[in-house]
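Single-letter residue listing:
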Amino acid sequence: MKSEIFDHIYQSTLPVIIKKFMSIKISYSSKAKSKLSTNVVLFVNEKFNTNILKKYISNSELSYINDLLKTSDLKKNIFVYEVNSKKKIVLISIKNNLKTSNIESLGAEFFGRVNYGKSCEYFIYADTADVGVNNNFIGHFLHGLKLKSYNFNKYKTKKETRIISINLLGNKNMPSAKAKLKFKSIEEVTFYARDLVSEPGNILHPDEYARRLISLKKDGLKVNIYDQKKLKKLGMHSLLGVGMGSVRGSYLVTVEWNGLKNNSKPVAFVGKGVTFDTGGYSLKPARFMEDMTYDMAGSAAVVGLMKSLALRKAKINAVGVVGLVENMVSGVAQRPGDIVQSYSGKTIEVLNTDAEGRLVLADALTYTEKKFKPKFIVDLATLTGAIIVSLGSEYAGLFSNDDKLSKQILNAGEEVEEKLWRMPLHKNYDKLINSKNADMQNINYVGGAGSTTAAQFLQRFILKKTPWAHLDIAGMAFSKYGGSLNSSGATGFGVRLLNQLIEENYE
């Protein structure tokens, strides 16, 4: 890529510091050592049949555990018993009819129980997990543990390295080589997406973001970057208007994976990449504005997904499209009341410059549909605060013109515990975004239905009736308190969901 694409860039105020603060080491051994003097992890069924543990711990330890279980709350999943100053016995109860997401949450819960103090080592007897559950129980258990272990400490200068060693022992229930590779790729790209979302705005601005996406080529992905000059020529004035106030560039980036090596239609994913959102002249309140570095989480999910497809050599043709802008205030920034013409040819009256994500997605959606003619399009965006009012931080909002695609996405979300709730679209909402001065306005000033009118706006840029779904992930992209599979901060929501969607239905 030619360097002039980044002629806006100036030196950031922080050096890039990369330090590891915690490392999880996992080893596998078929030689099941018995009655170890160090920390051990054992599994029992929900009836707490401890007889199977006799070969792994001493009789006195077994008697000690049985006595403690008599006074324990057996509704809990994990019990940690200190045998002496050097040994803990962790007992994990496997309930009946566990879904894979439940198993991963169990692994994450285990990590939460051992993630304290100094470096530590645990020996897990995989054979004891043979209680009639998921045949890849250990794989999902470790997957949840590793997903939960993520922490963004890149810019801390004090190095405090901790190592958690997990040793798997046994002949049964070990994950296959194929399963380990799959889990590893999902973990890598989820952390990749979380890293992108966690970066501060002075580091990951649109110029730097576009530069980083070039590195996806080494994974076998085709990357095309459209800078401002190219976007003006294409007529993407809706996207360009959002970035007018910034000294940074604005970009549309396409990332393609051809896993089928034929000309079959790809599946397509579009992401909002507003690297920092002040709200423009419709300025946001100062309180919590620092969180607006997360306004590019939709794009992070899309590029994370594309990277994962390449890493696991997915048998599918797919394309990811992201619009990268910075919404700032300056003497040349877009004003409330401006009218712009989108790539589709439709005109938009910009009544609120803080309703900018839909302006970015409008051009990206139409371009994706026209250029790639996909089987379907799914877009992801931290689009509205209204969806948080509706659904909190438990569900993302799903809007779609296609029932089949909606059902597939909902099922995939349930499978990986990235849940969605379908919200309405209807032509009667159109009157709330019709403009007197242009084809439409970018916000509903009548009040109410904020998330739906935003989705209704986006639907106008799907011109060929392509099956389409919009995921409003404003409440899910970032967690103040942490979720079942993530610590507080960026979640990487959407990466695992869309992987599951493809794997279940399109590979």
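Residues numbered from 1 in each chain as written. Predicted model: local features only at pLDDT ≥ 70, side-chain atom pairs only at ≥ 80, totals over all residues. Heavy atoms only, no water.

Draft legend 1. Seen up close, a nonpolar patch on the surface. Together, Tyr-281, Leu-283 and Val-329 make up an exposed nonpolar region whose accessible area comes to about 290 Å². With respect to the element layout, Val-329 can be found in the loop between β10 (317-327) and β11 (338-341). On the basis of relative accessible area, Val-329 is assigned to the partly exposed category, the value being 40%. (Patch = residues over 30% accessible without salt bridge, like charges linked within 9 Å, V, L, I, M, F, W, Y side chains within 5 Å. Areas by Shrake-Rupley, 256 points an atom, 1.4 Å probe, with all protein chains shown as cover. Salt bridge = Lys/Arg side-chain N within 4 Å of Asp/Glu carboxyl O. Helix = DSSP H or I, 4+ residues; strand = E, 2+ residues; numbered from the N terminus. Buried < 20%, exposed > 50% of the residue type's maximum accessible area, 1.4 Å probe, protein only.)

Draft legend 2. Here's a closer look at the pattern of salt bridges. If you walk through the whole model with that rule in mind, you get 20 salt bridges. As a salt-bridge pair, Lys-307 and Asp-219 come within 2.8 Å of each other at their nearest N and O atoms. Taken together, the residues span a long stretch of sequence, with Lys-307 in helix α8 (residues 297-311) and Asp-219 in the loop between α5 (206-213) and β7 (222-226) at a distance of 88 residues. Residue Lys-307 is classed as buried on the basis of its relative accessible area of 7%. Using a relative accessible area of 13% as the deciding quantity, one classes Asp-219 as buried. Through salt bridges with shared partners, a single ionic network connects Lys-154, Glu-199, Glu-208, Arg-211 and Arg-212.

Draft legend 3. Layout of the packing of helix α4 (residues 177-198) against α8. Interhelical geometry of α4 versus α8 gives an angle of 155° and a closest axis separation of 9 Å. By the angle between their directions, the pair α4 and α8 is classed as roughly antiparallel. As for the relative orientation of α4 and α8, their crossing is right-handed in sense. Residues Ser-185, Glu-188, Val-189, Tyr-192, Ala-193, Leu-196 and Val-197 of α4 pack against Ala-297, Ala-300, Val-303, Gly-304, Lys-307, Ser-308 and Leu-311 of α8. Looking at the contact of α4 with α8 residue by residue, the class counts come to nine nonpolar, three polar and two charged. (Axes fitted to C-alpha atoms, helices over the stretch in contact; angles between N-to-C directions. Parallel < 35°, antiparallel > 145°, perpendicular 65-115°, else oblique. Left-handed = near helix turned anticlockwise from the far one by under 90°. Contact = heavy atoms within 4.5 Å. Nonpolar A, V, L, I, M, F, W, Y, C, P; charged D, E, K, R; others polar.)

Draft legend 4. Local environment of a positive patch on the surface. A cluster of basic residues, Lys-222, Lys-265, Lys-370, Lys-371, Lys-373 and Lys-464, forms a positive patch on the protein surface. With respect to the element layout, Lys-371 can be found in helix α9 (residues 357-372). (Lys, Arg positive; Asp, Glu negative; His and termini not counted. Charge placed at Lys NZ, Arg CZ, Asp CG, Glu CD.)

Draft legend 5. Representation of the pairing of strand β14 (residues 396-400) in the model. Taken across its five residues, β14 has five buried, putting it largely inside the fold. Here β14 shows two buried faces, one formed by Ala-396, Leu-398 and Ser-400 and the other by Gly-397 and Phe-399. With three bridges joining them, β14 and strand β15 (residues 420-422) adopt parallel strand pairing. Across the sheet, residue Gly-397 finds its bridge partner in β15, namely Trp-421. Note on the crossover from β14 through helix α11 (residues 403-416) to β15: the handedness is right-handed. As judged from the four bridges shared by β14 and strand β17 (residues 468-472), these two strands associate in the antiparallel manner. If you follow Phe-399 over to β17, its bridge partner there is His-470. (Pairing = 2+ DSSP bridges. Right-handed = clockwise from strand over helix to strand, strands pointing away.)

Draft legend 6. Just the packing of aromatic side chains, in detail. Using the criterion set out here, one finds 18 aromatic pairs in the structure. Geometrically, the ring pair formed by Phe-43 and Phe-137 is edge-to-face, given 5.3 Å between the ring centres and 85° between the ring planes. In this pair, Phe-43 sits in strand β2 (residues 40-45) while Phe-137 sits in helix α3 (residues 137-148), placing the two residues 94 residues apart along the sequence. On the basis of relative accessibility, which here comes to 0%, the residue Phe-43 falls in the buried class. Overall, Phe-137 belongs to the buried group, its relative accessible area being 2%. (Phe/Tyr/Trp six-rings, centres within 6.5 Å; stacked < 30°, edge-to-face > 60°.)

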